[in-house]
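A look at the structure
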Amino acid sequence: MNKRSRADWRGYIPAITTPFDAERNLDLKALGGLLEWLHGEGMHGLLIAGTTGEWPSLSDPERAELFAAAGAQLKGKLPLLAGCTAYTPRQVLALADHAAASGFDGIVVTPPPYYKPSDEEILGFYADLSAATPLPICVYNWPPGTGIDMPLDLLKRIAALENVVAIKQSTSNLRGFIDTFFALNDEVRVFGHSMDEHGLTFLRAHGGDGTMGAGAVLGRTHPDFYNKLWAGDVEGARACGRQDRVILDQWYTPELVGRFGSGPAILKAALNAQGLPGGYVRAPLRDVSAGDAEIIRETLVELGRI
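Residues numbered from 1 in each chain as written. Predicted model: local features only at pLDDT ≥ 70, side-chain atom pairs only at ≥ 80, totals over all residues. Heavy atoms only, no water.

What follows deals with the overall build of the chain. Counting secondary structure elements, the chain contains 12 helices and 8 strands. Its C-alpha atoms give the chain a radius of gyration of 18 Å, near enough to 19 Å, the size a compact globule of 306 residues would have. Considered along the principal axes of its C-alpha atoms, the chain spans approximately 45 × 45 × 35 Å. Counting the 306 residues in the chain, one finds 55% classified as buried. (Helix = DSSP H or I, 4+ residues; strand = E, 2+ residues; numbered from the N terminus. Rg over C-alpha atoms; globule rule 2.2 N^0.38 Å. Buried < 20%, exposed > 50% of the residue type's maximum accessible area, 1.4 Å probe, protein only.)

See below:
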């Protein structure tokens, strides 16, 4: 069986925020409200406890608690992917077990952060996961967070592992994404298409699986980029993509780093401004300033969200 067919993942799958209350405790009630809204807005899947979900600030028991809550609410209703990035294969696999028990469909994992392991060490890391994980793996190439931009030769070797079924290619190097797509798209699903004119042109000419984006703060606009494209409404898709491009240009650098705070802080401010359950970020991150929150609000007004 082609490995692509093992994962029915496509379209817009946001990496969602993790709500914390004013005391910076995990707010499962707010999470439930956020999940209900995201499902109602037609997301094609959800990534829980990823970078946007502040996984480094979560204990392993808290991540297991998140997986259990999300699975109890949404398993079987849309694909659920668990952010299981950690420093050792043993820790990743323990988190993957919790995700599997909660009804998740796959795990998303970067190379071990901080260490900056060699290519052979990274390959061995994913080989250990592939041999033991209870769920399919999406490999996450995230240079801003790991300090590593995995080269194509390494990605090819990782993609050949039995339980690797997808790659989230988040390099800021456009050529790197294009090379990954053409080399590996027939074997595994490749996520990372931009929802702009470049991405639209590429998707129309060559197809593609989708985007694992951050936060889904524009609601239905994000998945509708793909819904409209699949339905042949190119102008409708283009209009959705233009809105997504506005928040990328105004809130993020070209390297996908927040312009006035961390990504989670920006996205939570955007959710809060719309009366949605964003909540607070947890230290060491800081919530955006009042002035920057106003800039975020003005963008949302510009886009008709407020």
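Another point: the packing of aromatic side chains. Counted according to the given criterion, the structure contains 11 aromatic pairs. Centroid distance Phe-225 to Tyr-226: 5.0 Å. Interplanar angle 85°. Geometry classified as edge-to-face. The pair formed by Phe-225 and Tyr-226 is uniform in burial state, with each residue classed as buried. One aromatic cluster is present, built from ring pairs that chain together Phe-177, Phe-181, Phe-182 and Phe-202. Positioned above the aromatic ring of Trp-230, the side-chain terminus of Arg-10 is 3.7 Å from the ring centre. (Phe/Tyr/Trp six-rings, centres within 6.5 Å; stacked < 30°, edge-to-face > 60°. Lys NZ or Arg CZ within 6 Å of the ring centre and 35° of its normal.)

Another aspect to go through is a nonpolar patch on the surface. There is a patch of nonpolar side chains on the surface, built from Tyr-87, Tyr-114 and Tyr-115 and spanning about 450 Å² of accessible area. Turning to its location among the elements, Tyr-114 is positioned in the loop between β4 (106–109) and α4 (119–132). Among the residues examined, Tyr-114 registers a relative accessible area of 73% and is labelled exposed. (Patch = residues over 30% accessible without salt bridge, like charges linked within 9 Å, V, L, I, M, F, W, Y side chains within 5 Å. Areas by Shrake-Rupley, 256 points an atom, 1.4 Å probe, with all protein chains shown as cover. Salt bridge = Lys/Arg side-chain N within 4 Å of Asp/Glu carboxyl O.)

A few words now on helix α12 (residues 290–302). Taking 1.5 Å of rise per residue, the 13 residues of α12 would be expected to cover 18 Å, and the 18 Å separating its terminal C-alpha atoms lies within 8% of that figure. Looking at the buried side of α12, the elements it contacts are α10 (234–251) and α11 (263–273). (Expected span 1.5 Å × (residues − 1). Contact = heavy atoms within 4.5 Å.)

Right, let's talk about the environment of Ala-237 for a bit. Position of Ala-237 among the secondary structure elements: in helix α10. The class of Ala-237 is buried, set by a relative accessible area of 0%. Beyond its immediate sequence surroundings of up to four residues, Ala-237 is in contact with Leu-200, Phe-225, Lys-228 and Leu-229.

Before going further, it helps to examine the nonpolar core. In this structure, Leu-46, Ile-48, Tyr-126, Ile-158 and Trp-251 are the most contacted members of the largest nonpolar core, which totals 83 residues. Ranked by size, the runner-up nonpolar core spans 14 residues in total, among them Ala-7, Ile-13, Val-165 and Met-212. (Core = buried A, V, L, I, M, F, W, Y, C linked by side-chain atoms within 4.5 Å.)

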